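# Overview (structure and organization)
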Amino acid sequence: MSSLKLKGVRKSFGTLEVIKGVDLDINAREFVVFVGPSGCGKSTLLRMIAGLESTTSGDIEIGGTRVNEADPSKRGIAMVFQSYALYPHMTVRDNMGFALRFAGKPKAEIARQVGEAARILELEPLLDRLPKELSGGQRQRVAIGRAIVRHPEVFLFDEPLSNLDAELRVHMRIELARLHRELKTTMIYVTHDQVEAMTLADKIVVMRKGEVAQVGTPLQLYDDPDNLFVAGFIGSPRMNFFQGEVLESGNGAFVAQLVNQGGVRLTRSLSGRLPAKGDKVTIGVRPEHFADAGTGTADIALKVDVAEHLGSTTYIYANTAAGEQVIVEREDRHAGDADTLTVAIPADKALVFDSAGNRLR
Amino acid sequence: MAQTRLDRSEQINGWAFVMPALVLLGIFMIYPIIWSLWMSFQVGRGANFSFGGLANIQRLANDGLFVQALTNTFIFFIIQVPIMIVLALLFAVALNDSTLKFRGLFRTLLFLPCVTSLIAYSSLFKSMFSNDGIINQALLTLHIIGAPIPWLSDPFWAKVVIIVAITWRWTGYNMIFYLAALQNVDKSIYEAARIDGVPAWARFTSITIPMLKPVILFTTILSTIGTLQLFDEVNNITQGNPANATLTLSLYIYNLTFRMMPSFGYSATVSWVIVLIVAVLSFIQFMIARDRRRPS
Amino acid sequence: MSFALLRRGGVYLFLSVAAFLSVFPFYWMAVGATNKSIDITTGQLSPGSNLVANFQSLAAQVDLVRIFGNSFLLAIVSTILTLAVSSIAGYGFEIFRSRVRERVFQLLLLLLSIPFAALMVPLFVMISRASLTNTFTAVILPTIASIFIIFYFRQATKAFPGELRDAARVDGLKEWQIFLFVYLPTMRSTYAAATIIVFMNAWNNYLWPLIVLQTPENKTITLVISALTAAYAPDFGVILLATVMATLPTLVIFFVLQRQFVQGMLGAVK
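Owing to the predicted nature of the structure, the values given are computational and were not obtained by experimental measurement. Throughout this description, residue numbers start from 1 for each chain and increase along the sequence as written. Going through the entries in the order they are written, you letter the chains from A and number the ligands from 1. Where local features are concerned, this predicted model is filtered to residues with pLDDT of at least 70; where side-chain atom pairs are given and counted, the filter is 80 or more; whole-chain, interface and lining totals use all residues.

Attention now goes to the overall build of chain A. Per the convention used, a helix needs a DSSP run of H or I reaching at least four residues, while a strand needs a run of E reaching at least two, with both numbered from the N terminus. What chain A contains, in helices and strands, is eight helices and 21 strands. Principal-axis analysis of the C-alpha atoms places the extent of chain A at approximately 75 × 45 × 35 Å. Counting only residues that meet the buried cut, chain A has 41% of its 361 residues in that class. Exposure in this text rests on C-beta crowding, where 20 or more other C-beta atoms within 10 Å of a residue's own make it buried, 12 or fewer make it exposed, and counts in between make it partly exposed. The C-beta atoms are placed from the backbone.

The subject of this paragraph is the domain arrangement of chain A. Residue and element names in this part refer to chain A. Each domain of chain A was delimited in the assignment, giving domain 1 (4-233) and domain 2 (240-355). By definition, residues are in contact whenever their C-beta atoms, placed on the basis of the backbone, come within 7 Å of each other. Each partner contributes to the interface: domain 1 provides four residues, whereas domain 2 provides four residues. Residues are grouped as follows: Ala, Val, Leu, Ile, Met, Phe, Trp, Tyr, Cys and Pro are nonpolar; Asp, Glu, Lys and Arg are charged; every other residue, Gly included, is polar. A class-by-class count of the residues in the side of domain 1 that touches domain 2 yields three nonpolar, one polar and no charged. Where each domain begins and ends follows an automated or database-derived domain assignment.

Listed as interface residues are 16 residues of chain B and, on the opposing side, 19 residues of chain A. Those elements that provide at least two residues to the side of chain B that touches chain A are α8 (187-195) and α9 (200-211) of chain B. Ranked by residue count, the leading element in the side of chain B that touches chain A is α8 of chain B, at six residues. Broken down by class, the residue content of the side of chain B that touches chain A amounts to nine nonpolar, three polar and four charged.

Okay, the sheet that holds strand β4 (residues 57-62) of chain A next. Residues and elements named next belong to chain A. DSSP-based pairing: two strands are paired if at least 2 bridges between them are found. Taking strand neighbours across the sheet as the criterion, the four strands line up as β2-β1-β4-β5 in an open arrangement whose pairing is antiparallel. The open sheet is flanked by β2 (16-26) and β5 (65-66), the only strands paired with a single partner. Pairing between strand β1 (residues 4-13) and β2: eight bridges, direction antiparallel. When the sheet's bridge partners are listed, L4 is paired in β2 with I26. The strands that helix α1 (residues 42-50) touches are β1, β2 and β4; relative to β2, the one it contacts most, it runs at about 65°. To obtain each axis, a line is fitted to C-alpha atoms, and for helices this fit is confined to the stretch in contact; angles are then taken between N-to-C directions over 0 to 180 degrees.

All names here are of chain B. Each residue after the first adds 1.5 Å to the expected span of a helix. Helix length check: α9, at 12 residues, gives a terminal C-alpha distance of 15 Å against a target of 16 Å (1.5 Å per residue), a fit within 8%. What α9 keeps buried is the set S206, I207 and T208. Buried residues along α9 cover an arc of 160° about the axis, so they all sit on one side. Across α9 from its buried face, at more than 90 degrees, point the exposed residues W201 and T205. The secondary structure elements touched by the buried residues of α9 are α3 (64-95) and α8. Here the arc refers to the set of directions running from the helix axis out to each C-beta atom.

So, on to the interface of chain B and chain C. At the junction of the two partners, chain B supplies 73 residues and chain C supplies 72 residues. Among the elements that line the side of chain B that touches chain C, the one with the most residues is helix α1 (residues 5-39) of chain B, at 17 residues. Considered class by class, the residues forming the side of chain B that touches chain C number 45 nonpolar, 24 polar and four charged.

Attention shifts here to the pairing of strand β19 (residues 340-345) of chain A. All names here are of chain A. The alternating pattern of β19 places L341, V343 and I345 on a buried face, while none of T340, T342 and A344, on the opposite face, is buried. By the bridge criterion, two bridges tie strand β15 (residues 291-292) to β19 in an arrangement that is antiparallel. Looking across to β19, one finds that A291 is bridged to A344. Bridge count between strand β16 (residues 298-309) and β19: six bridges; the pairing is antiparallel. Bridge pairing links L302 to L341 in β19.

Moving on, we come to helix α4 (residues 136-148) of chain A. Residue and element names in this part refer to chain A. In this model α4 runs 18 Å from its N-terminal to its C-terminal C-alpha over 13 residues, within 8% of the 18 Å that 1.5 Å per residue would give. Here α4 lies mainly inside the structure; 10 of its 13 residues are buried. Among the residues of α4, those classed as buried are R139, Q140, R141, V142, A143, I144, G145, R146, A147 and I148.

Next up on the list: unusual backbone geometry. Residue and element names in this part refer to chain A. A cis geometry characterises the amide bond from S236 onward to P237, with omega recorded as 0°. If you check the backbone angles, H151 has positive phi at about 45° while not being a glycine. Relative to the helices and strands, H151 is located in the loop between α4 and β7 (154-158). The exposed category is assigned to H151, around which 12 C-beta atoms lie within 10 Å. For E159, which is not a glycine, the phi torsion comes out positive at approximately 45°. Assignment of secondary structure puts E159 in the loop between β7 and α5 (166-183).

The strands making up a sheet associate through hydrogen bonds between their backbones, and the pairing can be parallel or antiparallel. Residues and elements named next belong to chain A. Read from one edge of the open sheet, six strands run β6-β7-β8-β3-β9-β10, paired in mixed fashion. For this open sheet the edge positions go to β6 (77-80) and β10 (211-216), each flanked by a neighbour on one side alone. Geometrically, the sheet is characterised by an average inter-axis angle of 20° between neighbouring strands, direction not taken into account. Pairing analysis gives five bridges linking β7 to strand β8 (residues 186-191), with the strands arranged parallel. Of the residues in β8, the one forming a bridge with D158 is V190.

Next up on the list: the environment of R93 of chain A. Residues and elements named next belong to chain A. Residue position: R93 is located in helix α2 (residues 92-102). For R93, a count of 20 C-beta atoms within 10 Å puts it in the buried group. Separated by 173 residues in the primary sequence, R93 and L266 have C-alpha atoms spaced 64 Å apart. Once residues lying within four places of it in the same chain are set aside, the contact partners of R93 are V114, L127 and D128.

Residue and element names in this part refer to chain B. For the pair α1 and helix α13 (residues 264-289), the least separation of the axes is 8 Å and the interaxial angle reads 115°. Seen from above, α1 lies across α13 with left-handed handedness. The segment α1 lies against α13, with S36, L37 and M39 engaging F264, G265, A268, S271 and W272. In this scheme the handedness of a crossing depends on how the near helix is turned from the far one: anticlockwise by less than a right angle means left-handed, clockwise means right-handed.

Further remarks concern the pairing of strand β17 (residues 314-320) of chain A. All names here are of chain A. Judged from the seven bridges that link them, β16 and β17 form a sheet pairing that is antiparallel. Across the sheet, the residue bridging to K303 is N319, located in β17. Linkage of β16 to β17, two consecutive antiparallel strands, is achieved through a turn of four residues, within which G311 is found at a positive phi near 110°. Taken together, the six bridges between β17 and strand β18 (residues 325-330) define a ladder with antiparallel strand orientation. By the bridge assignment for β18, Y317 is matched with I327. Turn length for the β17-β18 hairpin, with the two strands adjacent in sequence and antiparallel, is four residues, and the turn residue G323 shows positive phi of about 90°.

See the structure below:
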């Protein structure tokens, strides 16, 4: 009903191709987040779905109907902009009801819809104010309200929280999650903040340079990234990466020597494709997965640089003998007290990536 | 209230920076206008004048030329200002589209008339609108008219020439103001309107125009003042002719003061008529543009 | 889809016609300068061979060097003084706020609506009494304090970061030094736009110089063109040539400072 399908969607500005063939299946009522670094094309893709940018090739289907040529107002979408884009000379009430006036709805109907949206978003006391009299968070709710009254099939959000301060952002994140639960509409949300992605999404689409790097649930992307990029993008603080060279490979396992770690070796078994002898691999370990020295398969000697105590967690920023930075997460407040620290890489938590950045499982 | 050294320094500097301008304005604007008010009650010619009470105002009421000048000035104002403002708005909106090719070129070309001196373009127009001139020839060739229009010798057409001239000269100027204001408008507002299903004409009337209200008011008042003071063009293209059909208030004052035996008191009175008209019209325009909403 | 295309085409047509109408008089002016007067009034569109003759006729009637010199002198001095006086006032009103000065500023805005026609009589009487008729001083002085430019600079100063001034004060600069060494260099595009406006105004000024300047050697090119046009049988070839020469400086300045001009306008309309 309000599902979304992208088939081989491409977009070029002149000779520059910015979206390089995207295929996506979004189910009805899903909260999907497009996330990625600046310039990855996530906003462009959103605007193509909205109809604000044309599609060079490929198909966009909303609710089973191809909408490539359709006017933005006829696609069954509503959009919340990063700058909220409220009509500055109209009251909150008029802002929310503006679209309905052009849909030919009778005044009583418009009033009812606006009232309903105002109730959901707790905007009732603000209905007669102008946007310039509202705070950032209030303006954002009005922008959402304007989208709600159109009862769209798909909600589109373009980095809606980036103009809010940190505390408000956390609050609005929860509001949005609650809104999704209450409205039960498909939502597509664009952000560069992977924390927002992880907390809000049913499904995350990680984008990089115009292509989809991986699609999955937050925890799938966290635990089981498909490639180096996704592994390094998702998760804060970042995953640690160690370079390795494969010494032996066969019988469902390989041995790699970690570069610049003084000869330390890691043995890892994989059920799928093995790297060949002599190949370069990257080993990824999340800060919280480091085991104590001697309990894993590879011990890494570190010199502690700075320890950040957040109360229940401590992040230790340390350097290897070769000067590369490693981040270790510990629940022990005294973990970073000493000058040196030795940690071990547990074989089962070590993620393996080949020289092209693809994950080997 | 204890004044700190910082406060005093602020005050001293504040006045120091604005004083030169204020002194000059006092001498060359405030003093003359007050003198003018006083003079408007004096009668007599040249340097011989004496108090005449409301005699000048009576003279105004019976002065046919004054009435004609007033009427002409008003006609120019009522017709020319709205046409120009609307045109300038349309140009600005058209040029605000970043996907339009040759935007910079169009903008430059449309603004170019504003670079000409009023005299220069008056001479230009005078030469173009002669009976066998290029304008008539073009209109005849395009079959828009059947016979040449006696532009400068017909009271009606002479007014048309003036209006066309002013519009040509000043539309680009107002257009730049609107363009600048439009650049300040968040583009996403229009995108939101497109998604909301607001058609293009409604985007113009319900979003663009209200958001541009301050600038439109500013330019309208400026244009009002400019057109009500119209002098250069009428003095050079038509000399107020034919038969005073294009006589404006400013030209009338000039004639009264410098072409005839000057009665400074009467000239001053007519000058104050202009001041009052401008003040009233500006006030009206302000009132129309004011927010009529009750603050909550 | 095709409606959008049609509308797009309509916009191009509309703008092209308007652009053509805007530019045609310039072509006319340039071509006219090369033609005989009678050809101009009968609408000849192509260039002729009368340029030299027109020039000779113009030079014979008018001391070109002197007249252009007058215009330039007036315009340049006017521009410098107006920018100086009006920009420091605009800066002063914005940076050093006080209740009294706010009232004064509002009064100034009211004064904007006083038409020159209302001032020209008393101003003329004033300068006659001061024996300043026919002088350049009398032409320039009343125009230096331009409320419009004061207003423009005040608006532009709103965009001037207060922190720059604070940093300069901490560094020990006095207020006038801050204006000269911090404000001026930062507001280049504002000054560029203002220069164009003020220079053009001064160069093209007509009515007041007409009233003040009496003797032929003091006249400006604007007055000369007006006199030539008002003749019983105006020689348009000569007139248009003079017009071309009079318009060139403003055209040049405009093209050179164009980008700053638009930027400056953008800054003022906030």
